[in-house]
Each structure stands twice: as structure tokens, then as C-alpha cells.
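In case you want the letters, here they are:
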Amino acid sequence: GGATTAGVVIGRAERMFMPKGERMTITDATGREEAIAWDETMFWNVYYVKGGFLDSEKAFEVLNGLKTYELRVVNKAVNTLTIANALHARPGINVYCPALSDNMTLELPAGLFTIDMPGVDTAVFKRFFDSLEPADGLQESLGKTHSLVLCPGLTTHSELSPEALEEAGIAPTTLRISVGLEDPRNLLMHIAEAAKAIIDPAHPGFSNAFMPTEEVDSLYRSIYKDVHGRFIDSRPDSAELLV
């Protein structure tokens, strides 16, 4: 995760590749017939001529990374559920995360969600966000193996007007959290400690409302067992693996 950059192109087989010199007539989704020549396919017209292939080292990194992809996704789901639910339990923090709904595969969320703190002064919030560095914050890449926290209003969307930010659903105190593979309690404790140091002087007692550490521990252990239990129950039986 995060070691290389690659992509996937998905399309109708005839548009993707055909042997050199061939030509084919297809019927598209609207019922219209269309003739496609070999040199108009994605492979010959884009990749072969213009060079869109991964080099061998990047291809190896992608293939090697896919071997552990499923395990990483499950672990990220555990961490996302833990962080999202722990923050959701704190009054005054809005959490927008699929982990809090049932619209998920195996009821497991993607490792990306947002929060905002509408009651926190904007200037105080900026100092709070800055204090998350170097462990988290001020970063724009998502989906890595370590957790990242960024503030769209201060980074990726900082050039938008206040009206455009509001229309996009981005508040001055919006944080986007990309959940990694490390112990999720590290991020939760880091947020709580930063809030204690920066937010409490302006908003007394703010950090006191975070979930107590023993409850966080219990939540994490419960979610870990539940998610891994559902995951292993979803795996095929030994007899099915032989088919």
C-alpha cells in the first residue's frame, strides 16, 4: 500500500485488444453497429504506441502487494470501525462513515471517512490539526498502510471560496481520516492528547468527553474478534477449494 502507483482499465474486450491486422464489427449498448480495427484498440493505439505499460519493478510491486491485499483490507476495517465508533461516541464531533451504517460487504467499511468539530474555533482547530504532525496530518496521499489525517479546507481544497467549500460539504473543521494498519488506539490517543493540549484552553473540558481508555480497549478487542470471526466464516469450506 502506497509503494507504487498503478491503475486498471476496464472495457469491452474488442475495444481493449485484438490480434494485429484484424477488424471486428460489434453492437454497442444502444444497438448501433460499429467497426473496430486492431490499431484502434486500447492496447495498440495507446499502450503499444504511446507506452502505457508498467515497468517490471512496478509490476512486481503491484503483484506482490496483491498477495496481502485481503488481509490488509480486513485489518483496516477493524481499525476504521474502532476509530469511527470511538469518535462517534464523543458529543460535539460529527462522524460521517459507512461504518455507522449497514450498507457494506460483510458490514465492513472502507478505510476512509470524515469528521468535523463544529463547536471548535477555527483558529484553535488549525493549531490542533498542526499538532497532529509528525505522526498524522498535513498529508494528502490516501490509502497507505499507515494512517493519515488531512484537513481539506487547509490543503486539497484550500483554494475554494467559503461558499464553494460549504457547497462541497467541507466545513472549516473537517478532517479526512485514511485508516492504516497500525493499532487504531494510537491515532485515538494522539487526537485526545492534541485536543487536551490545544483545544482545552479555549474550550475547557473538551478532551474529557472522549471515550475513556478502558472503553476504547474493550471496543477494539470486541470489534477485532467480531470482524475476524465474520471474515473467517465467509471463507469457503475445504471441499469448495478443491473445485
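Located above this text is the structure these notes cover.
Report on the accompanying structure. Note that the structure is predicted; figures quoted are calculated from it, not measured.

### Concerning the overall build of the protein chain
Next up, step 1: The secondary structure content of the protein chain amounts to nine helices and six strands.
Next up, step 2: Since a compact globule built from 243 residues should have a radius of gyration of about 18 Å, the 23 Å found for the protein chain marks it as more spread out than a globular shape.
Next up, step 3: Here the C-alpha coordinates of the protein chain stretch approximately 75 × 55 × 40 Å along the principal axes.
Next up, step 4: When the 243 residues of the protein chain are sorted by exposure, 32% land in the buried category.
Next up, step 5: Long-range pairs, those at least 24 residues apart, make up 63% of the contacts in the protein chain between residues at least 6 apart in sequence.
Next up, step 6: Accessible surface for the protein chain amounts to roughly 14,500 Å². Of this, 54% is attributable to carbon and sulfur atoms.
Next up, step 7: Within the protein chain, one finds 21 positive and 34 negative side-chain charges whose respective centroids are separated by 4 Å.

### Quick notes on the pattern of salt bridges
Pairing between side chains of opposite charge can happen when their charged atoms approach one another.
Next up, step 1: Following the criterion strictly, the structure yields nine salt bridges and no others.
Next up, step 2: Across the pair Arg32 and Glu34 runs a salt bridge whose closest N-O atoms are separated by 3.9 Å.
Next up, step 3: Overall, the relative accessible area of 22% leaves Glu34 in the partly exposed class.
Next up, step 4: Among the ionic pairs, Asp226 bridges to Arg230, the shortest N-O distance being 2.7 Å. Of this pair, Asp226 and Arg230 both sit in helix α8 (residues 213-234), four residues apart, roughly one helical turn.
Next up, step 5: Residue classification places Arg230 among the partly exposed positions, given a relative accessible area of 23%.
Next up, step 6: Several salt bridges converge on common partners, so that one network encompasses Arg15, Asp28, Arg32 and Glu34.

### Some thoughts on the sheet that holds strand β4 (residues 112-116)
Next up, step 1: Across the sheet, which stays open at both edges, the four strands sit in the order β3-β4-β6-β5 with antiparallel pairing between neighbours. A single partner strand is all that each edge strand has here, and the edge strands are β3 (94-96) and β5 (148-150). Here the average twist between neighbouring strands, direction ignored, is 20°.
Next up, step 2: For β3 and β4, the ladder comprises three bridges, and the chain directions are antiparallel. When the bridges of β4 are listed, Tyr96 appears paired with Thr114.
Next up, step 3: Contacts from helix α5 (residues 122-130) reach β5 and β6 (174-178), with the element oriented near 20° to β6.

### Describing the environment of Leu241
Next up, step 1: Tracing the chain through its elements places Leu241 in helix α9 (residues 238-241).
Next up, step 2: Judged by its relative accessible area of 60%, Leu241 falls in the exposed class.
Next up, step 3: Expressed as a C-alpha distance, the spacing of Leu241 and Thr82, which sit 159 residues apart in the sequence, is 32 Å.

### Points about the pairing of β6
Next up, step 1: Extensive coverage of β6 is indicated by the burial of four of its five residues.
Next up, step 2: As defined by bridge partners, β4 adjoins β6 across five bridges and the pair is classed as antiparallel. The partner of Thr114 across the bridge, within β6, is Arg176.

### Topic: the side chain of Ser207
Next up, step 1: As for its position among the elements, Ser207 is in the loop between α7 (184-199) and α8.
Next up, step 2: Looking at Ser207, its side chain comes within polar contact range of the side chain of Asp200, at 2.6 Å.
Next up, step 3: Leaving out residues up to four positions away in the same chain, Ser207 has contacts with Ala192, Ala195, Lys196 and Asp200.

### Digging into a nonpolar patch on the surface
Next up, step 1: Taken together, the side chains of Leu63, Leu66, Tyr69 and Val73 present a nonpolar region at the surface, about 410 Å² in accessible area.
Next up, step 2: If you list the elements that add at least two residues to the nonpolar patch, you get α3 (56-66) and α4 (69-88).
Next up, step 3: Tracing the sequence through the fold places Val73 in helix α4.
Next up, step 4: For Val73, a relative accessible area of 36% gives the class partly exposed.

### Focus: the nonpolar core
Side chains of nonpolar character tend, in soluble globular proteins, to be buried together.
Next up, step 1: Counting 42 residues, the largest nonpolar core has Phe113, Ile115, Met117 and Phe128 as its most contacted members.
Next up, step 2: Taken together, the elements giving at least two residues each to this core come down to α4, β4, α5, β6, α7 and α8.
Next up, step 3: The greatest single-element share of this core, amounting to eight residues, is contributed by α4.
Next up, step 4: Leave out the neighbours within four places in its chain, and Phe113 touches Thr80, Ile83, Ala84, Val95, Tyr96, Cys97, Leu175, Arg176, Ile177 and Val179.

Rules used in this analysis
Residues numbered from 1 in each chain as written. Predicted model: local features only at pLDDT ≥ 70, side-chain atom pairs only at ≥ 80, totals over all residues. Heavy atoms only, no water. Helix = DSSP H or I, 4+ residues; strand = E, 2+ residues; numbered from the N terminus. Rg over C-alpha atoms; globule rule 2.2 N^0.38 Å. Buried < 20%, exposed > 50% of the residue type's maximum accessible area, 1.4 Å probe, protein only. Contact = heavy atoms within 4.5 Å. Areas by Shrake-Rupley, 256 points an atom, 1.4 Å probe, with all protein chains shown as cover. Lys, Arg positive; Asp, Glu negative; His and termini not counted. Charge placed at Lys NZ, Arg CZ, Asp CG, Glu CD. Salt bridge = Lys/Arg side-chain N within 4 Å of Asp/Glu carboxyl O. Pairing = 2+ DSSP bridges. Axes fitted to C-alpha atoms, helices over the stretch in contact; angles between N-to-C directions. Polar contact = N/O pair within 3.5 Å; in protein donor to acceptor, adjacent residues only side chain to side chain. Patch = residues over 30% accessible without salt bridge, like charges linked within 9 Å, V, L, I, M, F, W, Y side chains within 5 Å. Core = buried A, V, L, I, M, F, W, Y, C linked by side-chain atoms within 4.5 Å.

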